Structure formats: C-alpha cells, structure tokens
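Descriptive structure summary
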Amino acid sequence: MHRHLVLNLTAAALVALGAPTLAACSTPADKGASPPAPTVRSDDPGLGMTPGAPAPMPDMPGMPTTPRTPAVAAGPNAVTIDNFAFGPQTVTVKAGTTVTWTNRDEEPHTVVARDGSFHSPGLGTGATFGFTFAQPGTFSYFCSIHPFMHATVVVTP
C-alpha cells in the first residue's frame, strides 16, 4: 500500500527537478505528453482515512489528543482542575461537607492545604480527591507540583 505513495512522490520529485531520465524512459508515442501527476487518495485504506475527509494531524508530544472542554464543576461542592487552574477559585460550603477535586488536565496535580490540614496524592488525568471539612474557616490550598496554582475553600457553620 505504502509503496505507491513512495513511488508517486519519487516521480513527483523527479518531475519537479526536471529530471531528464523520465524522458529517456518514454516511448515515441509518449513524446510531448506530460507525465501523470502524483496522487494520494483519501479513500486508500492503507492511509487509514475516510473518503473525502481531511488528512489527520500528526501526533505531537505533549499536545492533547482530544478536544478540550471548559472546566465546569460537577456540582456546588466540586472543583475542576483544568488548564493549570482550580475552578472555581473559591468554593463556599457548610461544615461537614466533602469537596471533591477532579483533574481534567493532561498533567498530574495535587491539592495541598497551606495549613497542612489536607494533602492529596498526585492526581493523574481523570483522578479525584475528596476532603470533608469538619470545622468552619477559610482554607487556602495549592498544587505542590505547580505552586502558582492556588484557590480557597470557605467553610461556614
């Protein structure tokens, strides 16, 4: 399957360079006729493409492979980690409530209280961490891997 692509591209390179070897290989009936243009068909099963579909982008290390959606918390007690940020920046809950963090980033993150009251393990993509806030107060937290990421949980009585 791939041999046709290589041969066609080689012929195209020779044509582009004006290689005289193509003329030497032609028969008298071919004189004056242009060589056929190279083709790459999108319906060729060897290329793994759908007929008429645009060519896929190559895989690039570090780039997301799925479309990103905006960070949306899954409820009033949920925090989403996306695009190297906690969202929402401030969550207000009543004492006794569990807040759940979900990592939607392609990179690992942690959730660490500045006062040391909670500390998540490293959270891979899709992983969650929950913590129940028993006492009222304001709890600032950050990602220990990316310390510029920070947010707050406010706990009311």
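Residues numbered from 1 in each chain as written. Predicted model: local features only at pLDDT ≥ 70, side-chain atom pairs only at ≥ 80, totals over all residues. Heavy atoms only, no water.

You'll find the chain entered in an unreviewed UniProt entry as Amicyanin-alpha, with Nocardia africana given as the organism.

Here we take up the overall build of the chain. Within the chain, the secondary structure is distributed over 2 helices and 8 strands. Starting at the N terminus and ending at the C terminus, the chain contains elements arranged as α-α-β-β-β-β-β-β-β-β. Burial analysis of the chain (157 residues in total) assigns 24% to the buried set. Taking the contacts inside the chain whose residues are at least 6 apart along the sequence as the reference set, 48% of them involve residues at least 24 apart. When the accessible area of the chain is evaluated, it comes to approximately 10300 Å², of which 63% is carbon and sulfur surface. (Helix = DSSP H or I, 4+ residues; strand = E, 2+ residues; numbered from the N terminus. Buried < 20%, exposed > 50% of the residue type's maximum accessible area, 1.4 Å probe, protein only. Contact = heavy atoms within 4.5 Å. Areas by Shrake-Rupley, 256 points an atom, 1.4 Å probe, with all protein chains shown as cover.)

Looking now at the sheet that holds strand 1 (residues 78-82). In space, the 4 strands of this open sheet follow the order 2-1-4-6, with mixed pairing throughout. Of all the strands in the sheet, the pair left with one neighbour each is strand 2 (85-87) and strand 6 (128-133). Recorded for the sheet is a direction-independent mean angle of 20° between the axes of neighbouring strands. Across 3 bridges, the pairing between strand 1 and strand 2 is antiparallel. Note that in strand 2 the partner of D82 across the bridge is A85. (Pairing = 2+ DSSP bridges. Axes fitted to C-alpha atoms, helices over the stretch in contact; angles between N-to-C directions.)

So, about the packing of aromatic side chains. Two numbers describe a pair of aromatic rings. These are the distance of the centres and the angle of the planes. Applying the stated criterion to the full structure yields 11 aromatic pairs. Each ring, one from W101 and one from Y141, has its centre 5.3 Å from the other, and the planes form 80°; the classification is edge-to-face. Taken together, the residues W101 in strand 4 (residues 97-103) and Y141 in strand 7 (residues 137-142) connect sequence positions 40 residues apart. Looking at Y141, the relative accessible area reads 0%, which means it is buried. Following the ring pairs from residue to residue traces out a cluster consisting of F86, W101, F118, F129, F131, F133, F139 and Y141. (Phe/Tyr/Trp six-rings, centres within 6.5 Å; stacked < 30°, edge-to-face > 60°.)

With respect to the helices, strands and loops of the structure, F118 is situated in the loop between strand 5 (112-113) and strand 6. Measuring from C-alpha to C-alpha, the distance between F118 and F131 comes to 7.3 Å, with 13 residues separating the pair along the chain.

On to the nonpolar core. In this structure, F86, W101, V111, F118, F133, Y141 and V153 are the most contacted members of the largest nonpolar core, which totals 20 residues. Among the secondary structure elements, those contributing two or more residues to this core are strand 1, strand 3 (90-94), strand 4, strand 6, strand 7 and strand 8 (150-156). Top element by residues in this core is strand 8. It accounts for 3 residues. Excluding residues within four positions of it along the chain, F133 makes contact with K94, A95, G96, T97, V99, W101, F118, F139, V153 and V155. (Core = buried A, V, L, I, M, F, W, Y, C linked by side-chain atoms within 4.5 Å.)

Right, let's talk about the sheet that holds strand 5 for a bit. The strand order across the open sheet formed by 4 strands is 3-8-7-5, and the pairing between neighbours is mixed. If you trace the sheet from one side to the other, it starts and ends with strand 3 and strand 5, each paired once. Direction of pairing for strand 7 relative to strand 8: antiparallel, over a ladder of 6 bridges. In the sheet register, T138 faces strand 8, and the bridge partner there is V154.

For the rest of this paragraph, the subject is unusual backbone geometry. Going from G87 to P88, the amide bond is cis rather than trans, its omega being 0°. With respect to the helices and strands, the residue P88 is situated in the loop between strand 2 and strand 3. Its identity is not glycine, yet F84 carries a phi of approximately 60°, on the positive side. Take F84: it is sitting in the loop between strand 1 and strand 2.

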